[in-house]
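So the chains spell out like this:
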Amino acid sequence: CRYEIEYLRDAERNRFAMRYAKYFYGTEYFRTPDAAKITGSVNVLYKPFLRQSKKADSREIVMPIVNLPEGQQFICQHHKDPAVRKNIAVAVPLAENEQIEAVYFMTPQSPEKAVKLAVKAGKFIIPEIKDAVLVVIKVKGK
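Small disclaimer: the values here were computed from a predicted structure and weren't measured.

Student: I'd love a proper account of the overall build of the protein chain, names of residues and values included.
Tutor: Scanning the protein chain from terminus to terminus reveals two helices and 11 strands. Reading the secondary structure of the protein chain in the N-to-C direction produces α-α-β-β-β-β-β-β-β-β-β-β-β. Among the 142 residues that make up the protein chain, the fraction classed as buried is 39%. The long-range fraction of contacts in the protein chain, counting pairs at least 24 apart against all pairs at least 6 apart in sequence, stands at 64%. Here the protein chain displays about 8,900 Å² of accessible surface, and carbon together with sulfur accounts for 55% of that area.

Structure, rendered in structure tokens:
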């Protein structure tokens, strides 16, 4: 019934949040709303959540993305499940001596694994977003 489905979804999301808690709650990450950009018109929310961690010769960008229902900008109200978004293009602005070392894609539907995405010229494609995803971008260079 409806409540059992909601309970299973909550358990799935909680398992995901615990598995990748470092990226959601880590204190070494600070807000940078311009660290990455979704290109094209897609009704998802990500800019308030963008964070990165800098080291001497690298940085790590964390990009949580929430899928929003069509025509809505709010996630704190009851609504139907949003349509699954597919093939979302993301661009990462890089300095002259930087390159993307790896991009990992994690989803609550399969929290046990991180899928490595292909990168070309600072851009990559997120295969799909059902409700929310987490993307971790590892950048090498100063």
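Student: Go over the environment of aspartate 34 with me, naming the residues and quoting the values.
Tutor: The topology assignment puts aspartate 34 in the loop between strand E1 (30-31) and strand E2 (37-39). Put simply, aspartate 34 and valine 92 are 58 residues apart on the chain and 8.7 Å apart in space, counted from C-alpha to C-alpha.

Student: Lay out the side chain of arginine 85 with the relevant residues and their values.
Tutor: Its place among the elements puts arginine 85 in strand E6 (residues 85-91). Engagement of the side chain of arginine 85 in a polar contact is seen with the side chain of asparagine 67, the distance being 2.8 Å. For arginine 85, the side chain forms a polar contact with the main-chain oxygen of leucine 68, separated by 2.6 Å. Once residues lying within four places of it in the same chain are set aside, the contact partners of arginine 85 are Val42, Asn43, Val44, Asn67, Leu68, Pro69, Glu70, Pro127, Glu128 and Ile129.

Student: I'd love a proper account of unusual backbone geometry, names of residues and values included.
Tutor: If you check the backbone angles, asparagine 87 has positive phi at about 55° while not being a glycine. Tracing the sequence through the fold places asparagine 87 in strand E6. Positive phi, normally seen in glycine, also occurs at alanine 121, with a value near 55°. Residue placement: alanine 121 occurs in the loop between strand E9 (119-120) and strand E10 (123-129). Judged by its relative accessible area of 75%, alanine 121 is exposed.

Student: Which residues make up the packing of aromatic side chains, and what values do they have?
Tutor: Taken as a whole and assessed by the stated rule, the structure comprises four aromatic pairs. Centroid distance phenylalanine 16 to phenylalanine 24: 5.8 Å. Interplanar angle 70°. Geometry classified as edge-to-face. Given a relative accessible area of 5%, phenylalanine 16 falls into the buried group. Ring geometry for phenylalanine 24 against tyrosine 25: centres 6.2 Å apart, planes inclined by 50°, an arrangement best described as tilted. In this structure tyrosine 25 comes out as exposed when scored by relative accessible area, which is 63%. Grouping aromatic residues by their ring pairs yields a cluster made of Phe16, Tyr20, Phe24 and Tyr25.

Student: Explain the environment of glutamate 96 to me, and be specific about the residues and the numbers.
Tutor: Inspection of the secondary structure puts glutamate 96 in the loop between E6 and strand E7 (99-106). Its relative accessible area of 85% is what places glutamate 96 among the exposed residues.

Procedures and definitions
- Residues numbered from 1 in each chain as written.
- Predicted model: local features only at pLDDT ≥ 70, side-chain atom pairs only at ≥ 80, totals over all residues.
- Heavy atoms only, no water.
- Helix = DSSP H or I, 4+ residues; strand = E, 2+ residues; numbered from the N terminus.
- Buried < 20%, exposed > 50% of the residue type's maximum accessible area, 1.4 Å probe, protein only.
- Contact = heavy atoms within 4.5 Å.
- Areas by Shrake-Rupley, 256 points an atom, 1.4 Å probe, with all protein chains shown as cover.
- Polar contact = N/O pair within 3.5 Å; in protein donor to acceptor, adjacent residues only side chain to side chain.
- Phe/Tyr/Trp six-rings, centres within 6.5 Å; stacked < 30°, edge-to-face > 60°.

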